[in-house]
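The lines below spell out each chain.
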Amino acid sequence: MQQHGSLMPPLLGDVFCQCRSAETHPGVDPGGGGGAGDSPCDICGGSEQEHRLKVLFQVLDVNGDGGICVNDLTIGLRKLGVHRTEHELMKIVKAGDKDLDGQLDFEEFVHYLRDHEKKLRLVFKSLDKKNDGRIDSQEIMQSLRDLGVNISEEQAEKILKSMDKNGTMTIDWNEWRDYHLLHPADNIPEIILYWKHSTIFDVGESLMVPDEFTAEEKKTGMWWRHLVAGGGAGAVSRTCTAPLDRLKVLMQVHASKNNSMRIAGGFGQMIKEGGVRSLWRGNGINVIKIAPESAIKFMAYEQIKRLIGSNQETLGITERLVAGSLAGAIAQSSIYPMEVLKTRLALRKTGQYVGILDCAKHIFQKEGVAAFYKGYVPNMLGIIPYAGIDLAVYETLKNSWLQRFAIDSPDPGVFVLLACGTTSSTCGQLASYPLALVRTRMQAQATLEGGPQMSMSGLFKHIVRTEGPMGLYRGLAPNFMKVIPSVSISYVVYEYLKITLGVQSK
């Protein structure tokens, strides 16, 4: 929704199609993308929606070259009495420009507008509290109040008048759609509410880009409740899947062509050496580091958003990746010694260390401070492929579902959310796994008696030379085995803790 402080620009609806009107075509929905909205146009014989979009394209293609650039949009919209900032127009072109030629051809223009109409319909449905197909001033006031913005009834009526074509002091779908069609709105608050990702799902790694929070969540303090619920869910999830995580570490460090370690055999070795309790070695520090890492990452992400200089409540996908990766790097740098401790504790033999502090003391005395940052470089490099692919896959799956199945609400339901989260996390882990393996080997080098102390590049070459490319994926099986239970457990616990902490759900 546009800012409420000033009158909104005039309507676009009259230029869409001279033959379209609710009076002459009762029940027609030109924005629906199918069904009644594709009824024949009396003028051109094609679908009414297609004719409407062709007319609009011709109006905006100022120089008639078959493409709409930012300059065309600026001039064309100004002729229609619509004023948008250059930043907003650049966002429109960038969002729809599939072939990256700096302008929108007709096909790209149509694809962008149809996708945009889908999002606008979701917003309209969420604003229409009475579900009567119209938005009145009270509904506008309530919706803005939900987002942390309080306005008077007079201001709400002012917003209504700017969109209301027929003087009814209510807005129907056509009026809403025509008014907002050429205004970018990627991160709709209702979508943000339902599609949280990194806060909810914990797969043992903390390299995901942080979730966005709406203005309402930040103002009411719901954001920290979400983070606490996510941290608690992560602690339970990591504890439940700790045996698989320890097995992964052992296979990454000790498995080789000459020492093939299978899943059943690996569990057998651990139990034989230290009993059933040994399956959870290293889990304590893995759980303890959740709180500082989540807090540092969230605070860093919010500060980086300000440094980027975005005046939007939420960022686009590229900006999110940059801000999220930097925030992840800051958080990982802050708690990295705990990562080294986790690996050493997971690899320890019975009686080797009394506890976390004893382990830290031994490392410091024998290897010095530098030992706490072994494997730091591959860990930092792993953030980009993990966070980038996880975010890209999740956003692609989310947008695909929203375009195809979201009709009345952007709420995907638990199974769609779990499927999207599991798929994106798995893809992210697969892309960054060789770096994660090299990191673990470097962290563990001092524990391997007589083993060489190698650099990152040297270790990569050594593994490929002695074990082949598949050697970079040792321990992948138990790692993937824990993804589905991790995601499922963290989601269930997260939902329970949300209720306990009083997090409101729409």
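Residues numbered from 1 in each chain as written. Predicted model: local features only at pLDDT ≥ 70, side-chain atom pairs only at ≥ 80, totals over all residues. Heavy atoms only, no water.

### Thoughts on the overall build of the protein chain
Then, in step 1: Scanning the protein chain from terminus to terminus reveals 22 helices and 2 strands.
Then, in step 2: Across the protein chain, the fraction of contacts at a sequence separation of at least 24, relative to all contacts at a separation of at least 6, is 70%.
Then, in step 3: Roughly 22,900 Å² of accessible area belongs to the protein chain as shown, and the carbon and sulfur atoms make up 59% of that amount. (Helix = DSSP H or I, 4+ residues; strand = E, 2+ residues; numbered from the N terminus. Contact = heavy atoms within 4.5 Å. Areas by Shrake-Rupley, 256 points an atom, 1.4 Å probe, with all protein chains shown as cover.)

### Structural notes on the packing of aromatic side chains
Then, in step 1: One pass over the structure, following the stated rule, counts 6 aromatic pairs.
Then, in step 2: The interplanar angle of 80 degrees and the centroid separation of 5.4 Å between the aromatic rings of Phe57 and Phe106 together place this pair among those described as edge-to-face. On the criterion of sequence distance, the pair formed by Phe57 in helix H2 (residues 48–60) and Phe106 in helix H5 (residues 106–127) is long-range, its members being 49 residues apart.
Then, in step 3: Residue class for Phe106 comes out partly exposed when judged on its relative accessible area of 25%.
Then, in step 4: By the ring-pair criterion, three or more aromatic residues cluster together here, those being Phe57, Phe106 and Phe109. (Phe/Tyr/Trp six-rings, centres within 6.5 Å; stacked < 30°, edge-to-face > 60°. Buried < 20%, exposed > 50% of the residue type's maximum accessible area, 1.4 Å probe, protein only.)

### Here's the deal with the confidence of the model for the protein chain
Then, in step 1: Averaged over every residue, the pLDDT of the protein chain is 77; residues scoring 70 or more account for 75%.
Then, in step 2: At the level of individual helices and strands, the protein chain shows its lowest average pLDDT in helix H1 (residues 13–16), which scores 45, and its highest in helix H17 (residues 356–367), which scores 92.
Then, in step 3: For residues 1–38, every residue scores under 50 in pLDDT, and the model assigns this stretch 110 contacts once sequence neighbours within four places are set aside.
Then, in step 4: Confidence drops under a pLDDT of 50 for residues 41–45, and excluding neighbours within four residues, the segment shows 12 contacts in the predicted structure. (pLDDT = per-residue confidence, 0-100.)

### Some words on the nonpolar core
Then, in step 1: Among the nonpolar cores identified, the biggest contains 18 residues, and Leu60, Ile68, Leu73, Leu77, Leu89, Phe109 and Leu113 are the most heavily contacted of them.
Then, in step 2: When contributions to this core are tallied by element, the ones reaching two or more residues are H2, helix H3 (70–79), helix H4 (86–96) and H5.
Then, in step 3: Here Leu89 is in contact with Val70, Leu73, Thr74, Leu77 and Arg84, once residues within four sequence places are set aside.
Then, in step 4: Core analysis: the second largest hydrophobic core is formed by 15 residues, Leu120, Ile135, Ile140 and Met163 among them. (Core = buried A, V, L, I, M, F, W, Y, C linked by side-chain atoms within 4.5 Å.)

### Some points on the pattern of salt bridges
Then, in step 1: Tallied over the full model, the rule gives 11 salt bridges.
Then, in step 2: Among the ionic pairs, Glu273 bridges to Arg281, the shortest N-O distance being 3.0 Å.
Then, in step 3: Of the charged contacts, one joins Lys498 and Glu495 as a salt bridge, the two residues approaching to 3.6 Å between their closest N and O atoms. Linking Lys498 with Glu495, this pair stays in helix H22 (residues 483–500), spanning 3 residues, or about one helical turn. (Salt bridge = Lys/Arg side-chain N within 4 Å of Asp/Glu carboxyl O.)

### Some thoughts on a nonpolar patch on the surface
Then, in step 1: Residues Ile271, Val276 and Trp280 make up a contiguous nonpolar surface patch of about 260 Å² in total accessible area.
Then, in step 2: Relative to the helices and strands, Ile271 is located in helix H13 (residues 263–274).
Then, in step 3: A relative accessible area of 38% places Ile271 in the partly exposed class. (Patch = residues over 30% accessible without salt bridge, like charges linked within 9 Å, V, L, I, M, F, W, Y side chains within 5 Å.)

### Quick word on the packing of helix H11 (residues 222–240) against H22
Then, in step 1: Following both chains from N to C, one finds H11 and H22 inclined at 140 degrees, their axes separated by 8 Å at the closest point. Comparing the axis directions of H11 and H22 gives the class oblique. As H11 packs across H22, the resulting crossing turns out to be right-handed. Contacts between H11 and H22 pair His226, Ala229, Gly230, Gly232, Ala233, Val236, Ser237 and Cys240 from the former with Ser486, Ile489, Ser490, Val493, Tyr494, Leu497 and Lys498 from the latter.
Then, in step 2: Of the residues belonging to the contact of H11 with H22, the class tally is 8 nonpolar, 6 polar and 1 charged. (Axes fitted to C-alpha atoms, helices over the stretch in contact; angles between N-to-C directions. Parallel < 35°, antiparallel > 145°, perpendicular 65-115°, else oblique. Left-handed = near helix turned anticlockwise from the far one by under 90°. Nonpolar A, V, L, I, M, F, W, Y, C, P; charged D, E, K, R; others polar.)

### As for the environment of Leu391
Then, in step 1: Here Leu391 shows up in helix H18 (residues 376–405).
Then, in step 2: Considered as a pair, Leu391 and Ser425 are 34 residues apart in the sequence and their alpha carbons are 8.8 Å apart.

### Let's talk about unusual backbone geometry
Then, in step 1: With a phi angle near 55 degrees, Leu100 is a residue other than glycine that sits in the positive phi range.
Then, in step 2: Here Leu100 is to be found in the loop between H4 and H5.
Then, in step 3: Owing to a relative accessible area of 73%, Leu100 belongs among the exposed residues under this scheme.
Then, in step 4: You will see that Met169, though not glycine, has its phi angle at about 60 degrees, which is positive.
Then, in step 5: Mapped onto the elements of the fold, Met169 is located in the loop between helix H7 (153–163) and strand E2 (171–172).

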